[in-house]
Amino acid sequence: PENVRVYEFAEKVNRSVGEVVKVLFALGMMVTKNDFLSKDEIEILAEEFGVEVSTMNPLDELDYVQAYDEVEDTHLEERPPVITIMGHVDHGKTSLLDRIRSAKVADREAGGITQHVGAYQVEKNGKKITFVDTPGHEAFTEMRARGAQATDIVIIVVAADDGVMPQTKEAIAHTKAAGVPFIIAITKMDKEGANPDNVKSQLAEMDVMATDWGGEYEFVPVSAYTGMGIDELLETILLQAEVMELKADPTRKAKAVVVESSLEKGFGPVANVIIKNGTLHVGDNVIAGKTYGRIKAIKMDDGSSVKEIGPSTPAAIVGLHDVPGAGDVLVAMDTEKEVRELAEKRAEYDRAKQLSKTTKASLDDLSALI
Ligand code: GTP
Ligand code: MG
């Protein structure tokens, strides 16, 4: 979709270009026939001419994702849960993840260098669990962009010696708003001054009541130092996942979320993704945000290369022409032509937007009711 130029808007609302230019000129805005209109300008004009317009940014409307979603799943199978860890700064998120990880994947790592994929998978009782690694200092919007699109369950970490802090509250508020179930991990239980009951009563005040206090939330006391509670936490996650009956169709084309991305020497653009549905294969034509490409390699978190990955699997992919953004959705399509044309369309829209400096409304999506 293109942006709306002055003359296009005039046509759409049955006015002359002169009238449109005059209205804006009166307000100190100089435009000519071929200029793009900003959202603000369109709103002013709509009011002046007594027309109703609705505008939307086509980049927010993931056309190709919608097309993908219209295809029905035909072979639903159980898939691993995707877990995001959140909590106040320094409450032990990374240490907890490291502990879970070292206990479960250390042997796999022995031979090689760990590929940093921003997310990784562990196995418990023969079931896989995917964890998304989100740094604590990051803004919640950014975190949402990365993890939330793929997240099934959130672990809210609260340090037993520190209790509920501002970011604990923020994390809970965002998780509740997103409608994502969460489990409380009371960390640093080995510390002197650890007071899990204090954490429970503080959270009860926020309507987050522990099951053993008659509420509906699972609280698991853990220590990254001693390993206390780690097994129980993993089991609690698996129980919750079972209730959710998480399913996906591995037989269809892949749809994935970009968790992070980078430019790597010798590889070019590398995107760390988590598969939401379908199976991604080496050789697939994919689009991710404004870039596209053909999958050349799929690397797992232990550094090994595989030919394909299924639902909830995190991996680093090589083959995109450019670096996609965190939170971008990656979709596999039938042909190189399809992904290229879509990517070009998006890049074109973006260029036009950059040129005109302000957010533009799309002509396609501009409906005028006189
Ligand atoms: P940010 O990512 O900065 O928000 O911090 P974080 O939540 O990831 O906390 P991190 O794991 O980096 O731990 C913060 C500090 O707490 C470090 O000094 C850890 O060694 C310490 N710590 C973490 N877990 C435990 C624990 O279980 N017991 C004890 N005694 N200390 C811990
Ligand atoms: Mg951390």
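Residues numbered from 1 in each chain as written. Chains lettered and ligands numbered in written order. Predicted model: local features only at pLDDT ≥ 70, side-chain atom pairs only at ≥ 80, totals over all residues. Heavy atoms only, no water.

In the nomenclature of an unreviewed UniProt entry, the protein chain corresponds to Translation initiation factor IF-2 from the organism Sulfurovum lithotrophicum.

## Examining helix 8 (residues 196-204)
When helix 8 is considered as a whole, its buried residues turn out to be V199, K200, L203 and A204. The buried side chains of helix 8 occupy one side of the element, clustering within an arc of 130° when seen end-on. Contacts from the buried residues of helix 8 go to strand 6 (153-159), helix 7 (166-177), strand 7 (182-187) and strand 8 (219-221). (Buried < 20%, exposed > 50% of the residue type's maximum accessible area, 1.4 Å probe, protein only. Helix = DSSP H or I, 4+ residues; strand = E, 2+ residues; numbered from the N terminus. Arc of directions from axis to C-beta. Contact = heavy atoms within 4.5 Å.)

## With respect to the pattern of salt bridges
Taken as a whole, this structure holds 11 salt bridges when the rule is applied. Between D73 and R252 there is a salt bridge whose closest N-O contact spans 2.6 Å. Within this pair, whereas D73 is found in the loop between helix 4 (63-70) and strand 2 (77-78), its partner R252 is found in the loop between strand 9 (247-248) and strand 10 (255-264), the two being separated by 179 residues in sequence. We classify D73 as partly exposed; its relative accessible area is 32%. Several salt bridges converge on common partners, so that one network encompasses K124, D231 and E235. (Salt bridge = Lys/Arg side-chain N within 4 Å of Asp/Glu carboxyl O.)

## Topic: the packing of aromatic side chains
Under the definition given, this model contains two aromatic pairs. For the ring pair F182 and Y217, a centre distance of 4.7 Å and an interplane angle of 25° mean the geometry is stacked. Here Y217 lies in the loop between helix 8 and strand 8 and F182 lies in strand 7, a separation of 35 residues in the sequence. Directly above the ring of Y7 sits K33, whose terminal nitrogen or CZ lies 5.2 Å from the centroid. The cationic tip of R101 hangs over the ring face of Y120; the distance from NZ or CZ to the ring centre is 4.4 Å. (Phe/Tyr/Trp six-rings, centres within 6.5 Å; stacked < 30°, edge-to-face > 60°. Lys NZ or Arg CZ within 6 Å of the ring centre and 35° of its normal.)

## Here we look at the pairing of strand 18 (residues 329-333)
Strand 18 sits mainly inside the fold: five of its five residues count as buried. Because side chains alternate across strand 18, one face comprises the buried residues V329, V331 and M333, and the other comprises L330 and A332, equally buried. Sheet topology places strand 13 (residues 285-288) next to strand 18; four bridges connect them, and they run antiparallel. When the bridges of strand 18 are listed, V286 appears paired with A332. (Pairing = 2+ DSSP bridges.)

## Quick look at the site of ligand 1
Inspection of the region around ligand 1 gives 15 residues, with K93, S95, D190, A224 and Y225 positioned closest. Contact between ligand 1 and S95: an oxygen atom at 2.6 Å from a side-chain N or O atom of the residue. Look at ligand 1: alone it shows 640 Å² of surface, and the protein chains cover 76% of it. Classifying every residue of the shell around ligand 1 gives three nonpolar, seven polar and five charged. (Near = heavy atom within 4 Å. Polar contact = N/O pair within 3.5 Å; in protein donor to acceptor, adjacent residues only side chain to side chain. Areas by Shrake-Rupley, 256 points an atom, 1.4 Å probe, with all protein chains shown as cover. Nonpolar A, V, L, I, M, F, W, Y, C, P; charged D, E, K, R; others polar.)

## A closer look at the side chain of H91
Structurally, H91 can be placed in the loop between strand 3 (82-87) and helix 5 (93-109). Owing to a relative accessible area of 2%, H91 belongs among the buried residues under this scheme. Polar side-chain contacts of H91 include one of 3.2 Å to the backbone nitrogen of A159. Within the structure, H91 has its side chain in polar contact with the side chain of D162 (distance 2.9 Å). Once you skip the residues sitting within four places of it in the chain, H91 turns out to touch V157, V158, A159, D162, G163, M165, T168, T187 and K188.

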